[in-house]
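# Breakdown of the fold
Chain by chain, the residues run as shown.
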Amino acid sequence: MNKLCFIMRGLPGSGKSSGAATILMNLYEPGMIIEMNTPSDAEGSSSIMALHEKSDECHRNCIGRIHSTDNYFYDVNGNYNFNPSFLKQFHDSNYAAFVRDVKNNVKLLIVDNTNSMTWEWKKYHEEAINAGYMTSIIEIPHSPPELCFSRTTHGVPLETIRKMKERWQPTQ
């Protein structure tokens, strides 16, 4: 498998995470170890959300990983606890984990963030391109904010989704 990087872009509730899961389902081969990033990743321990029963091996032998800042808001019991005061720190941790995986030549990387503005996704794209990854930016078409609000699993307020749509910068 070539080194692949997919950068998902879309409003909350647009289907980014479902799209990321679909990519994994289509590229997964038996024996591949794929995991989700979590706060423990940034500290060097194995993931608590590994999608493989041998989660202690994921850090060393991981072939694919989904990088989502949302994952940093889950506690050890799997409860989502969004706190905006941690947003910058968790985005920075997510990016640091992504860079670590690029340097470790993880074969399949998916960035699953809103990425509404160019500067939010551009650094992931440049890091991957510079390391020889084939990179695709997948922009999910905008649904009406009310529909996105009804589908979001993280309780993003309708007004926040509307503001994200207003500031959206299209992929060039």
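Keep in mind that this is a model prediction, so the values were computed, not measured.

## Observations regarding the side chain of Asn-94
Tracing the backbone through its elements, the reader meets Asn-94 in helix H4 (residues 87-103). Asn-94 sits in the buried class, given a relative accessible area of 0%. At 3.4 Å, the side chain of Asn-94 and the side chain of Thr-69 are in polar contact.

## Quick notes on the confidence of the model for the protein chain
Per-residue confidence for the protein chain averages 83 on the pLDDT scale, and 79% of its residues sit at or above 70. Across the protein chain, the element-wise mean pLDDT spans from 45 in helix H3 (residues 55-61) up to 97 in helix H5 (residues 118-130).

## A short note on the pattern of salt bridges
Where charged atoms from two side chains of opposite charge approach closely, those side chains can pair. A complete count under the given rule lists six salt bridges for this structure. A salt bridge links Asp-101 to Arg-100; the nearest nitrogen and oxygen atoms lie 3.4 Å apart. Here Asp-101 falls in the buried class, since its relative accessible area comes to 1%. Classification of Arg-100 by relative accessible area gives partly exposed; the value is 23%. Close ionic contact of Glu-146 with Arg-162 constitutes a salt bridge, the shortest N to O distance being 2.7 Å. With Glu-146 in helix H6 (residues 145-151) and Arg-162 in helix H7 (residues 158-166), this residue pair connects regions lying 16 residues apart in the sequence. Overall, the relative accessible area of 30% leaves Arg-162 in the partly exposed class. By sharing partners, the salt bridges in this structure join Arg-65, Arg-100 and Asp-101 into a single network.

## A look at the nonpolar core
With 13 residues, the main nonpolar core has Cys-5, Ile-7, Phe-98, Leu-109, Tyr-124 and Tyr-133 as its most contacted residues. Broken down by secondary-structure element, the contributors of at least two residues to this core are strand S1 (4-9), H4, strand S4 (108-112) and H5. Among the elements that make up this core, the one with the highest residue count is H4 (four residues). Contacts of Leu-109, omitting those with residues within four sequence positions, involve Leu-4, Cys-5, Phe-6, Arg-65, His-67, Phe-98, Asp-101, Val-102 and Tyr-133. Ile-23, Leu-24, Leu-108 and Ile-140 belong to the second largest nonpolar core, which has 10 residues in total.

## Some details on the packing of H4 against H5
In contact at an axis separation of 10 Å, H4 and H5 are set at 10 degrees when each is read in the N-to-C sense. By the angle class used here, H4 and H5 are roughly parallel. Contacts between H4 and H5 pair His-91, Asn-94, Tyr-95, Phe-98, Val-99 and Val-102 from the former with Lys-123, Tyr-124, Glu-127 and Ala-128 from the latter. Taken together, the residues of the contact of H4 with H5 break down into six nonpolar, two polar and two charged.

## Digging into unusual backbone geometry
When glycine is set aside, most residues are seen to have a negative phi, and most peptide bonds are trans. Notably, Asn-105 is not glycine yet its phi reads approximately 55 degrees, a positive angle. Turning to its location among the elements, Asn-105 is positioned in the loop between H4 and S4. With a phi angle near 50 degrees, Asn-115 is a residue other than glycine that sits in the positive phi range.

## Re the side chain of Thr-152
Examined against the element boundaries, Thr-152 turns out to sit in the loop between H6 and H7. In terms of polar contacts, Thr-152 uses its side chain to reach the backbone amide nitrogen of His-154, at 3.4 Å.

About the thresholds
Residues numbered from 1 in each chain as written. Predicted model: local features only at pLDDT ≥ 70, side-chain atom pairs only at ≥ 80, totals over all residues. Heavy atoms only, no water. Helix = DSSP H or I, 4+ residues; strand = E, 2+ residues; numbered from the N terminus. Buried < 20%, exposed > 50% of the residue type's maximum accessible area, 1.4 Å probe, protein only. Polar contact = N/O pair within 3.5 Å; in protein donor to acceptor, adjacent residues only side chain to side chain. pLDDT = per-residue confidence, 0-100. Salt bridge = Lys/Arg side-chain N within 4 Å of Asp/Glu carboxyl O. Core = buried A, V, L, I, M, F, W, Y, C linked by side-chain atoms within 4.5 Å. Contact = heavy atoms within 4.5 Å. Axes fitted to C-alpha atoms, helices over the stretch in contact; angles between N-to-C directions. Parallel < 35°, antiparallel > 145°, perpendicular 65-115°, else oblique. Nonpolar A, V, L, I, M, F, W, Y, C, P; charged D, E, K, R; others polar.

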